[in-house]
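Structure assessment
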Amino acid sequence: MGEKTASSKPPAAAQTRAAQLRELLARHDRLYYIEDRPEISDYDYDQLYRELADIEQRYPALQTSDSPTRRVGGAPLPAFRPVRYRRPMLSLANTYNRDELGDFCARLARLVPEGGYSFVVEPKIDGVAVSLRYEDGLLALGSSRGNGEVGDDITANLRTIRSIPLRLAVASPPAVLEVRGEVYLPRAEFAALNRARAAAGEPEFANPRNAAAGSLKLLDAREVAMRPLAAIFYGCGETSGLELLEHAQLLRYLRAAGLPTPPRYWECPDLPSLLAAVDALPSVRAEFPFETDGAVIKLNQRQLYERLGVTSKSPRWAVAYKYAPSRAATRLRGITLQVGRTGALTPVAELAPVALAGSTIERATLHNADEIARRDIRVGDLVTVEKAGDVIPAVTAVDTAARTGAEKPFVMPDHCPACGGSISRRPGEIAWRCENLHCPAQVKRWILYFAGRDAMDIENLGEALTDQLVDRGLVKDPVDLYQLTAQALAGLDRLGPKSADNLLAGIAASKRRPLSNLIFALGIRHVGLGMARVLERHFDSLDALARADRGQLEGIRDIGPVAAASMAEYFAAPRTVSLIRRLHEAGVNLRRLPGTLTADRRFAGRAFVLTGALARMPRAQAEAEIRRRGGRVTSAVSAKTDYAVAGADPGSKLQRALKLGVAVLSEDEFAAMLSGGSAPAPDSGAAPAKETPDLRRPGELPL
Ligand code: IVH
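Note that this is a predicted model, so its numbers are computed, not measured.

So, about the overall build of the chain. Along the chain, the regular secondary structure elements total 25 helices and 26 strands. Taking 703 residues into account, the globule formula puts the C-alpha radius of gyration at 27 Å, and the chain, at 27 Å, falls close to it. Overall, the chain is about 85 × 80 × 60 Å in size when its C-alpha atoms are taken along their principal axes. The proportion of buried residues among the 703 residues of the chain is 49%. In the chain, the proportion of contacts linking residues at least 24 apart, taken out of those at least 6 apart, comes to 69%. Placing the 93 positive and 84 negative side-chain charges of the chain at their respective mean positions leaves the two points 1 Å apart.

Next up on the list: the packing of helix 4 (residues 98-111) against helix 10 (residues 271-284). Close contact between helix 4 and helix 10 brings their axes to 11 Å; oriented N to C, the two are set at 140°. Classified by the angle their axes make, helix 4 and helix 10 are oblique. Relative to helix 10, helix 4 is oriented so that their crossing is right-handed. Of the residues in helix 10, those touching helix 4 at Arg98, Leu101, Gly102 and Cys105 are Leu271, Leu274, Leu275, Val278 and Asp279. Across the contact of helix 4 with helix 10, the residue classes tally to 6 nonpolar, 1 polar and 2 charged.

Contact geometry for helix 13 (residues 440-451) and helix 14 (residues 463-471): axes closest at 10 Å, N-to-C directions at 130°. Taken as axis vectors, helix 13 and helix 14 run oblique relative to one another. Along this stretch, helix 13 crosses helix 14, giving a crossing that reads as right-handed. Residues Pro440, Val443, Lys444, Arg445, Ile447 and Leu448 of helix 13 lie in contact with helix 14, whose contacting residues are Glu463, Thr466, Asp467, Val470 and Asp471. Class assignment for the residues of the contact of helix 13 with helix 14 results in 5 nonpolar, 1 polar and 5 charged.

Moving on: helix 4. In this model, helix 4 (14 residues) spans 20 Å end to end at C-alpha, consistent with the 20 Å of a helix rising 1.5 Å per residue. Those residues of helix 4 that fall on the buried side of the exposure criterion are Leu101, Gly102, Phe104, Cys105 and Leu108. When helix 4 is viewed along its axis, its buried side chains cluster within an angular range of 155° and face the same direction. Those residues of helix 4 that are exposed and aimed more than 90 degrees away from the buried face are Asp99, Asp103 and Arg110. Of the residues flanking the start of helix 4, the one acting as N-cap is Asn97, its side-chain oxygen 3.1 Å from the backbone nitrogen of Asp99.

Near the ligand, the surroundings consist of 14 residues, among which Glu122, Lys124, Ile125, Glu182 and Lys298 are the closest. Here an oxygen atom of the ligand and a backbone polar atom of Leu90 are 3.3 Å apart. Taken by itself the ligand offers 520 Å² of open surface, and the protein chains cover 87% of this. Here the element with the most residues in the shell around the ligand is strand 3 (residues 119-125); it accounts for 4 residues. Within the shell around the ligand, the residues separate by chemical class into 9 nonpolar, 1 polar and 4 charged.

Our next topic: the packing of aromatic side chains. On inspection of all chains with the given rule, the structure shows 13 aromatic pairs. Taking the centre distance of 5.9 Å and the plane angle of 85° together, the rings of Tyr117 and Phe119 count as edge-to-face. The exposure class of Tyr117 is buried, given its relative accessible area of 17%. Taking relative accessible area as the criterion, Phe119 reaches 3% and is therefore assigned buried. Put simply, the rings of Phe603, Phe608, Tyr643 and Phe670 touch in pairs and so form one group of aromatic residues.

Of all 11 residues making up strand 8 (residues 230-240), 8 are buried, and the element is well covered by its neighbours. In the sheet, strand 7 (residues 176-184) pairs with strand 8 via 8 bridges, with the strands oriented antiparallel. Residue pairing across strands places Tyr184 opposite Ala230, the latter belonging to strand 8.

Spatially, 5-4-7-8 is the arrangement adopted by the 4 strands of the open sheet, whose pairing is antiparallel. Both edges of this open sheet fall to strand 5 (138-144) and strand 8, since each of them pairs with a single strand only. For this sheet, the mean inter-axis angle between neighbouring strands, taken without regard to orientation, is 25°. Across 8 bridges, the pairing between strand 4 (residues 128-135) and strand 7 is antiparallel. Counted as the bridge partner of Tyr134 is Leu177 from strand 7.

Cut-offs used in this document
Residues numbered from 1 in each chain as written. Predicted model: local features only at pLDDT ≥ 70, side-chain atom pairs only at ≥ 80, totals over all residues. Heavy atoms only, no water. Helix = DSSP H or I, 4+ residues; strand = E, 2+ residues; numbered from the N terminus. Rg over C-alpha atoms; globule rule 2.2 N^0.38 Å. Buried < 20%, exposed > 50% of the residue type's maximum accessible area, 1.4 Å probe, protein only. Contact = heavy atoms within 4.5 Å. Lys, Arg positive; Asp, Glu negative; His and termini not counted. Charge placed at Lys NZ, Arg CZ, Asp CG, Glu CD. Axes fitted to C-alpha atoms, helices over the stretch in contact; angles between N-to-C directions. Parallel < 35°, antiparallel > 145°, perpendicular 65-115°, else oblique. Left-handed = near helix turned anticlockwise from the far one by under 90°. Nonpolar A, V, L, I, M, F, W, Y, C, P; charged D, E, K, R; others polar. Expected span 1.5 Å × (residues − 1). Arc of directions from axis to C-beta. Polar contact = N/O pair within 3.5 Å; in protein donor to acceptor, adjacent residues only side chain to side chain. Near = heavy atom within 4 Å. Areas by Shrake-Rupley, 256 points an atom, 1.4 Å probe, with all protein chains shown as cover. Phe/Tyr/Trp six-rings, centres within 6.5 Å; stacked < 30°, edge-to-face > 60°. Pairing = 2+ DSSP bridges.

Shown next as C-alpha cells:
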C-alpha cells in the first residue's frame, strides 16, 4: 500500500473533488441525522459516497480521518485504553417531588443571594454517558464515563454513530471542545433489534439502555456499526478557545456545530415556570426517539458553576427530577418456554393479571435461564413488574421477604417442551436451543416470521391458522404455503370458504413482494430489513446475492464482516439451495421489481404517518410506496410529521395530527398523490393548514 501511495500522486482535481465530496456528505449526514430534513435520496447519497470511496481507493494519500468512508475501520481491539478526564464526568442528584425541587431552588437562592439567574429544563435521556473530544474541530477521542474520573477509549465505536460529526461544522473551531452526552438506541430500533435477536436465537436486551451499553462495549467497531445507535449532547467538559456564558447558548452552539442536542428544552425564569416545564415534559416525551425517565434542571448561567461547586460527585447547579415508573406487584404463576424460529428457548413469566400503565399485563419476558438464576426468581414469588415508557414490561424485583417456602426455583428441562427433542447450548451462547429442525413450534414461528408484515406480508395468516396448518401436516416449511389449495384448507376449523379464499389470495399476492422483503423473509442471521434494502440496491436478484462472495459483500457500505460471513454461510447450506429452488418453482419472484431504483423522489424529506385501516392497499404496500418515492414513514405523529394518512377508524394519531396542524389525507387523496397527482404542500391546499399551535409555556424556548 505504501508503494501505491508513493507511485500515484493524486492530481489536484482529485484532491479538490474529494474535499468537496467529504463536505457534501457531511452536510447530507447533518440534514438527515440532526435536522431530520434530508434533501437527497439514499440512492443519490450512495452515489456520492461511492465516488469518494473510489477516489480514496485510487489515491490513499487523500484519505482523511474525518472522511465519511472512515467511520468504520480497523481490526477488533484486544481491550479499551483508559482515558483520564481533566474535568470529571459528574452525575446528578435526584429529586422525586416538587418539594425536593423547591429545596434545590432554595439552596441556590441562599448561595446566589444577588439573584438574576434562570433555569433550563431538559429531558433526561436514558442512555449511556459518553464524552467526545474535538481538537481544532476534528473528533480526536471518544470515551465512556467509567467511574467519572477514568473512562474507556471507545473512539472507534463512537465514530460509527452517524449522527456524531467527525468534524465540527463551525468556521473557526475551538482548540479543544469536549462535549458530554448520551448514546442511546432509538426505541423503534430497539424493538427491531430484539426481534432480530429473538429470531436469531440470541438473548434479547432488557431495555434500550442495556442494548446501547452492550453495543458500545463491543471490541469490534464493525459490529457496532450494525447497531443503529444515536446520540444527544447536552453539556461540555474541557474547553479551550470557547466561552459561552449561558447553557442555552451552549446548546445552540452545539446544534449549530452539527451535534445532536435535546429535541425540546425549556428556558425558565423562576420556580413556577420550572415546575410547569417539568409537568409539560411527560406529555411530549412519547415523541422522543429515546427513553426519558425524568427531567434535568440546570442553572442557565454557566459563570456561576465554579462558584457553586460540587457535592460528592454531583454539581450544585443541576439536579435530576425523576418520574415515577409505572409499576405493580403481582404473583409469578409459572415460567413457560417459548420456542423461537431458530429453536432458541426463551423463558416467559406467566403472571397473575395486573393493571399497568393502561393495560393488563399477564406475561413478561425473563430473557434467559442464567438471568432467572442470577436473580433467584422462583415460581410463586411476589414480583414487581415495571413498564417505563413504551418498553415491554419487565420483572424488576422479587419480594424474597414474602416467601412461604413453597416457591419453586426454575429448572431448565432437558427436552424441548414443544417436541420433546433434545436441547443444547453452544459454547459462548446464552440461549438453549431445541436441536430438532422439524420441531413444530420452530416451524410455526418460522412461518409466522416468513408471513410477517416486513417479510412476505401474507394477510390473514395468524397464529391459530398456522398452528392448524403445521399440526395437520399441511405445511412443513414456508415454501409449502405455496402448495396449499382450497381443498386442503376445507377441513380446517373456523375457516370458512371466504376466509380460505382470502388466505390463498394473500399467499398468491406474496409471490410478487419486493426483493428486499423476500431477503428479509429468509431470516438470515444479522440481516434485518434495513440491510435487506441495502442488498436490494446492489443485487438485482436473489441468485446474484447468493453467488456473491464474502469479500464482495463486505465491500458494501453498511455491511460488516459478521453479516457478510453469516450470508455466505447461509447461502452455501444445501438446505438453502433447495429452499430457493422450491421458491422459484412455486413462482415466487426472486428478482428486483422494476421501478425499485427509479428516481421518483417526490416525497423526499417528507414524513408520513399511517393511521386507521386502509382499504385500497395493505399498509405494508402503502409504506413501501412512500419509501420508494423518497419519503419516510414514522409510527408516531410529531411536529415533524408532514402528512397523516387516515383510513377507517383512525385512532389517537389522527387527533394528535389535527392538534398539531399536520396535513391529513384521506385514502383517496393519498392514492392520487401516489399515482402522480401533485402532492398537496403540507402547509396548503386541500389539507388543513399546518399552523403550529403555540403549545409552549411562557419562558419556553422556540425550537
Ligand atoms: S447533565 C454535571 N443532562 O444522567 C451534570 N445529564 O443520572 C452532568 N443524563 O451522569 C449531567 N440526560 O449521564 C445531564 N439532559 C441531561 C442528561 C443527563 C441524561 C445522564 C448523565 C448523568 C446521569 C445522572
